[in-house]
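Understanding the architecture of this molecule
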Amino acid sequence: MPGRTHLALAVTLALGAAVIGSSAAEAAPGHIARPLDATLRDAAGKRVGVLRVEDEGQATRITVSVWGLSAGFHGFHVHTTGRCDARAVDPATGSPFTTAGAHLDLATPGGHGGHDGDLPALLVGQNGTARASFVTDRFRVAQLADADGSAVVIHALPDNYGNIPSRYTHPADTTGTTGADATTLKAGDTGNRIACGVLR
Ligand SMILES: [Cu+2]
Ligand SMILES: [Zn+2]
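Rules used throughout
Residues numbered from 1 in each chain as written. Chains lettered and ligands numbered in written order. Predicted model: local features only at pLDDT ≥ 70, side-chain atom pairs only at ≥ 80, totals over all residues. Heavy atoms only, no water. UniProt positions renumbered as here; feature names shortened; annotations may be inferred. Helix = DSSP H or I, 4+ residues; strand = E, 2+ residues; numbered from the N terminus. Buried < 20%, exposed > 50% of the residue type's maximum accessible area, 1.4 Å probe, protein only. Contact = heavy atoms within 4.5 Å. Areas by Shrake-Rupley, 256 points an atom, 1.4 Å probe, with all protein chains shown as cover. Polar contact = N/O pair within 3.5 Å; in protein donor to acceptor, adjacent residues only side chain to side chain.

Looking at an unreviewed UniProt entry, one finds the chain named Superoxide dismutase family protein, with Microtetraspora malaysiensis as its source organism. Looking at the chain in UniProt, the text filed under Sequence similarities (unreviewed entry) is "Belongs to the Cu-Zn superoxide dismutase family."

A count of helical and extended segments in the chain gives three helices and 11 strands. Going from N to C terminus, the chain has its helices and strands arranged as α-β-β-β-β-β-β-β-α-β-β-β-α-β. Out of the 200 residues in the chain, the part that is buried amounts to 36%. Sequence separation of at least 24 residues holds for 68% of the intrachain contacts in the chain that already meet a minimum separation of 6. Approximately 10,900 Å² of the chain is accessible, and the part contributed by carbon and sulfur atoms is 59%.

This next bit is on the side chain of Thr136. The residue Thr136 is located in strand 7 (residues 130-136) in this model. Given the relative accessible area of 10%, Thr136 is considered buried. Engagement of the side chain of Thr136 in a polar contact is seen with the backbone nitrogen of Arg138, the distance being 3.1 Å. Beyond its immediate sequence surroundings of up to four residues, Thr136 is in contact with Ala59 and Thr60.

Pasting the structure below:
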């Protein structure tokens, strides 16, 4: 039955082309990756929020809901490593979750406010909750799902995004004596990490 043989060959070739096509599409910059989700937990392991990251057109949408937090603004960032170990405490500051690493910074290293993982701060109301949904074009979902993963972190304090005008002076450090110092350029004076969630 030569006709059937040709049909089977054609199907095999078509499947092969489809598999090749999909792997090529994953490597392409415009590829839409599967959304990533995170459960945010505090240092005691209590659930304090949920979050989703998804590609949306040429940008990336983040949708987050938190509860049980103190009222006011809280610094909120994507950090480089998908590990949220509450026992990993920074001896200098007492902050847990040091395993999550620094702020995601994909391209040129820069100061805080310019990091790719810097996000709009969360505004928590008197009832301890916050909800937000926004887009950023600083990263795509596929860039968060790298070998060591990524995490989202909520901090104790508001975020100044490194915006310290040069009229403010401080003791000399590596950045000089006016404007933002090294601590500010690291994380915007957002204080300790109070919640962490691994993006999966
Ligand atoms: Cu952070
Ligand atoms: Zn930053």
